[in-house]
Amino acid sequence: MSATPRILMCAPDYYGIEYEINPWMHRDNASDPAQSLWQWWALHDALRDLGVVIDRVEPIPGLPDLVFTANAGLVYRTTFIVSRFRHGVRQGEAPYFERWAREHAFDVVTMPPHLHFEGAGDALFCGETLFAGYRYRSDARAHQWIGLRLGVEVLPLELVDPRYYHLDTCFCPIADNAAIYYPGAFDDYGRSVLHDRIENLIEVAAEEAVSFSCNAVVVGRTVLLNEGAPKLAHQLQNCGYAVRPLRLTEFIKAGGSAKCLTLRLDGEEAAAWKHATELAIF
Ligand code: ARG
């Protein structure tokens, strides 16, 4: 295994606002196909310029949200746990992501049928621990099932604001002891868990959280995120990160941004198991 970052993406050929399953989506606020393509390629090229190898899953007509590959599943070492989407309109995506994972030699795991789980959108490693959002999309029981299956500690966090319906819209680990988060998306208990368990927490203000600024992709010491979060950018720079703002307006119309458009295949920067693997090799 190499240390080259690897990310799965899906081009927005058939992307659009065709249904409404979160508070951001309005069919009468259509995305612009040309702008979507342009914005998606800008993210793709920015990642490629950082040395990321980009794998691509083929776009499929009738599956407009397939672009949000963070929801394909959860990757842990060579295991790929395929998502089981809550809403019928997204359930057709799972077989395509599953097929992709099988063709790329992952050990594919499927969930018991009664559990909902929306992949890396709701399950993010920070250090050894899997932080897991539930209520709007994934079930808390699905996270427990995953914890047992992978043999990792899972901390379920209830999401309390429907605008932040996936954990990756309000929480982003940036190192194995550091994360950014929007406190208003969690209840008191969730906030206390985050404070107890993550040494360095950067709070995002409400007016910047609505710009999807927690929905960031971390590659090494660079953070790519939607534009419109100058305060957060400043804080990240003070912590030694380079910040790369991108214009992702067309995807925000579907309730997604930079992070949702990517699935890290070799382990997030913040995942301790990724670093353990690297240490074992070098
Ligand atoms: N329209 C999609 C949905 O509601 C957006 C998914 C965003 N993905 C994410 N990982 N937050 O499911």
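Student: In this structure, what is going on with the overall build of the protein chain? I would like to understand it.
Tutor: Looking only at helices and strands, the protein chain features nine helices and 15 strands. In summary, the protein chain has a C-alpha radius of gyration of 17 Å against a globular reference of 19 Å for 282 residues, a match within 12%. With 282 residues in all, the protein chain has 60% of them scored as buried. Long-range pairs, those at least 24 residues apart, make up 68% of the contacts in the protein chain with a sequence separation of at least 6. As displayed, the protein chain has an accessible area near 11,400 Å², and 51% of this comes from carbon and sulfur atoms. Charge-centre separation for the protein chain: the mean point of 25 positive side chains lies 2 Å from the mean point of 36 negative side chains.

Student: Just to check I follow, could you spell out the packing of aromatic side chains for this structure?
Tutor: Here a ring pair, both rings aromatic, is described through the centre-centre distance and the interplanar angle of the planes. Counted according to the given criterion, the structure contains 13 aromatic pairs. Look at Tyr15 and Phe68: their rings are 6.1 Å apart centre to centre, the planes differ by 85°, and that puts the pair in the edge-to-face class. A residue pair is termed long-range when its members are at least 10 positions apart, and Tyr15 in the loop between β1 (6-9) and α1 (33-49) and Phe68 in the loop between β2 (53-56) and β3 (73-76) qualify at 53 residues. Across the pair, Phe68 and Tyr15 agree in class, each one buried. With centroids separated by 5.1 Å and ring planes inclined at 55°, the aromatic side chains of Tyr164 and Tyr182 adopt a geometry described as tilted. A residue pair is termed long-range when its members are at least 10 positions apart, and Tyr164 in the loop between β8 (154-158) and β9 (171-175) and Tyr182 in the loop between β10 (178-181) and α5 (188-197) qualify at 18 residues.

Student: Which parts of the structure should I look at to understand unusual backbone geometry?
Tutor: Trans peptide bonds make up most of the peptide bonds, and negative phi angles are found at most residues other than glycine. In the Ramachandran plot, Ala105 falls in the positive-phi region, its phi being about 65° despite a non-glycine side chain. Mapping Ala105 onto the fold places it in the loop between α3 (94-103) and β5 (107-109). Overall, the relative accessible area of 63% leaves Ala105 in the exposed class. One non-glycine residue, Phe212, lies in the positive phi region at around 60°. With a relative accessible area of 0%, Phe212 lands in the buried category.

Student: Teacher, can you tell me more about the site of the ligand here?
Tutor: The environment of the ligand is made up of 17 residues, and the closest members are Asn22, Arg90, Arg137, Asp168 and Ala254. Asn71 places a side-chain nitrogen or oxygen 2.9 Å from a nitrogen atom of the ligand. In isolation the ligand offers 350 Å² of accessible surface; the protein chains occlude 100% of this area. Its residues placed into classes, the shell around the ligand shows seven nonpolar, six polar and four charged.

Student: Could you clarify how one ought to interpret the sheet that holds strand β15 (residues 263-264) in this entry?
Tutor: Pairing between sheet strands relies on hydrogen bonds along the backbone, with the strands arranged either parallel or antiparallel. Ordered by their spatial adjacency, three strands build an open sheet running β2-β1-β15, and the pairing between neighbours is mixed. Whereas interior strands pair on both sides, the edge strands pair on one side only; in this sheet they are β2 and β15. The sheet contact formed by β1 and β2 spans four bridges and is parallel. If you follow Arg6 over to β2, its bridge partner there is Val53.

Student: Looking at this structure, I do not really get α3. What am I missing?
Tutor: Every α-helix carries 3.6 residues per turn, so stepping three or four residues along brings you back to the same face. Listed in full, the buried residues belonging to α3 are Ala94, Phe97, Trp100 and Ala101. Buried residues along α3 cover an arc of 130° about the axis, so they all sit on one side. At its buried positions, α3 is contacted by β1, β2, β4 (79-82), α2 (88-91) and β5. Positive backbone phi, at 65°, marks Ala105, one or two positions downstream of α3.

Parameters and conventions
- Residues numbered from 1 in each chain as written.
- Predicted model: local features only at pLDDT ≥ 70, side-chain atom pairs only at ≥ 80, totals over all residues.
- Heavy atoms only, no water.
- Helix = DSSP H or I, 4+ residues; strand = E, 2+ residues; numbered from the N terminus.
- Rg over C-alpha atoms; globule rule 2.2 N^0.38 Å.
- Buried < 20%, exposed > 50% of the residue type's maximum accessible area, 1.4 Å probe, protein only.
- Contact = heavy atoms within 4.5 Å.
- Areas by Shrake-Rupley, 256 points an atom, 1.4 Å probe, with all protein chains shown as cover.
- Lys, Arg positive; Asp, Glu negative; His and termini not counted.
- Charge placed at Lys NZ, Arg CZ, Asp CG, Glu CD.
- Phe/Tyr/Trp six-rings, centres within 6.5 Å; stacked < 30°, edge-to-face > 60°.
- Near = heavy atom within 4 Å.
- Polar contact = N/O pair within 3.5 Å; in protein donor to acceptor, adjacent residues only side chain to side chain.
- Nonpolar A, V, L, I, M, F, W, Y, C, P; charged D, E, K, R; others polar.
- Pairing = 2+ DSSP bridges.
- Arc of directions from axis to C-beta.

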